[in-house]
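# A structural walkthrough
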Amino acid sequence: MLEGEKNLVKLARRGDPEAFGLLYEHYLPQIYRFILIKVSHKEQAEDLTHLTFLKAWEGVRSYKHKGHPFSSWLYRIARNAVIDHYRRGVVRISIEDVSAEALGIDNSLSEEMDVKILWDDLLEAMKTLKEIEQDILIMRFVEDLPHQEIAAAVDKTEGAVKVIQHRALKKLKEALK
């Protein structure tokens, strides 16, 4: 969570572009990474990330703090942007086009430790999961978000998120065998 986030959100709700800019700078990398994993194409991820923050700026005045970090709201907007993207029938690009570099994984290290092969296998196995399962695993294990924040982002209870996560991990384990 960003230091002074509540105050920044309060200022952004009043229309302060500098406060929103600080929120944008802080959350941009993780929102972009989440979208990139979902759409597997750099340019589409950049466009959807831009759209996410544009919608957030347009709607920040109506944002209401419900006990969850501001990022939960951003993840919900990002998730909906990805869903809308696929509903429009945009051509899907293979998940294999997502590079370890784009996700912040050191390429030299991945070559030395065969991480790239494991990463590719993991991405392939992720395609076998439902959208909600993918979203929860990405938010939990890539973005390291707590269950409570994920629950707010996907509009489920914390218990439901834990159950979905558990089942998704079982499915992944089977797919990786």
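Worth saying up front: this structure is predicted, and the values here are computed from it rather than measured. Position numbers for residues start from 1 in each chain and track the written sequence from start to end. A pLDDT threshold of at least 70 governs which residues receive local features in this predicted model, and a stricter bar of 80 or more applies before side-chain atom pairs are shown or counted, although totals over entire chains, interfaces and linings include all residues. To get the side-chain values, take all heavy atoms of the structure and skip hydrogens and water.

### Considering the confidence of the model for the protein
Worth spelling out the cut-off: As a per-residue measure, pLDDT tells how confident the predictor is, with possible values from 0 to 100. Whether two residues touch is decided by their heavy atoms; if any such pair falls within 4.5 Å, the residues are in contact.
A residue-level look at the protein finds 83% of positions with pLDDT of 70 or above and a mean pLDDT of 84. Per-residue pLDDT stays below 50 along residues 92–96; that stretch engages in twelve contacts with residues further than four places along the chain or on separate chains.

### As for the packing of helix α1 (residues 5–13) against helix α2 (residues 17–39)
To be explicit about the condition: Only the stretch in contact is used when a helix axis is fitted, and all axes are lines through C-alpha atoms; the angle between N-to-C directions ranges over 0 to 180 degrees. Put simply, DSSP H or I for four residues or longer makes a helix, DSSP E for two residues or longer makes a strand, and each gets a number counted from the N terminus. Oblique is the label for every angle not falling under 35 degrees (roughly parallel), over 145 degrees (roughly antiparallel), or within 65 to 115 degrees (roughly perpendicular). Handedness of a crossing is defined here by the sense of rotation of the near helix relative to the far one, left-handed for an anticlockwise turn of less than a right angle and right-handed for a clockwise turn. Residue classes follow a fixed rule: Ala, Val, Leu, Ile, Met, Phe, Trp, Tyr, Cys and Pro count as nonpolar, while Asp, Glu, Lys and Arg count as charged, and any other residue, Gly among them, counts as polar.
The geometry of α1 relative to α2 is characterised by a closest axis approach of 7 Å and an angle of 130° between their N-to-C directions. Taken together, α1 and α2 sit at an angle that is classed as oblique. Like other packed secondary-structure pairs, α1 and α2 cross with a definite hand, here left-handed. Between α1, through Glu5, Leu8, Val9, Leu11 and Ala12, and α2, the contact on the second element is made entirely by Ala19, Phe20, Leu22, Leu23 and Tyr27. Residue composition of the contact of α1 with α2, grouped by class: nine nonpolar, no polar and one charged.

### Here's the deal with the side chain of Glu133
Of note, Glu133 is situated in helix α7 (residues 131–142). Beyond its immediate chain neighbours, meaning those up to four positions away, Glu133 contacts Ile164, Ala168 and Lys171.

### So, the nonpolar core
Cut-off, in case you're wondering: Buried residues of nine kinds, namely Ala, Val, Leu, Ile, Met, Phe, Trp, Tyr and Cys, make up a nonpolar core once their side-chain atoms join them within 4.5 Å. Exposed residues in this analysis have more than 50% of their type's maximum accessible area, buried residues have under 20%, and partly exposed residues fall in between, with area computed by a 1.4 Å probe over protein chains only.
Core analysis: the largest hydrophobic core is formed by 45 residues, its most contacted members being Ile31, Ile35, Phe70 and Met139. Looking at this core, the elements with two or more residues in it are α1, α2, α3 (42–59), α4 (70–87), α6 (115–126), α7, α8 (147–154) and α9 (158–176). Sort the elements by how many residues they give to this core and α2 lands first, with eleven residues. If we ignore the near neighbours within four places in the chain, the residues touching Ile35 are Ala45, Leu48, Thr49, Thr52, Ala78 and Val82.

### Brief notes about the pattern of salt bridges
What counts is decided by this rule: When a carboxyl oxygen of Asp or Glu lies within 4 Å of a side-chain nitrogen of Lys or Arg, that pair is called a salt bridge.
Summed over the entire model, instances satisfying the criterion amount to ten salt bridges. Between Arg33 and Glu143 there is a salt bridge whose closest N-O contact spans 2.9 Å. Linking Arg33 in helix α2 with Glu143 in the loop between α7 and α8, this pair joins segments that are 110 residues apart in sequence. Accessibility expressed as a relative area gives 24% for Arg33, which makes it partly exposed. By relative accessible area, Glu143 is classed as buried at 9%. A network of salt bridges, in which partner residues are shared, links Lys38, Arg79, Glu131 and Asp135.

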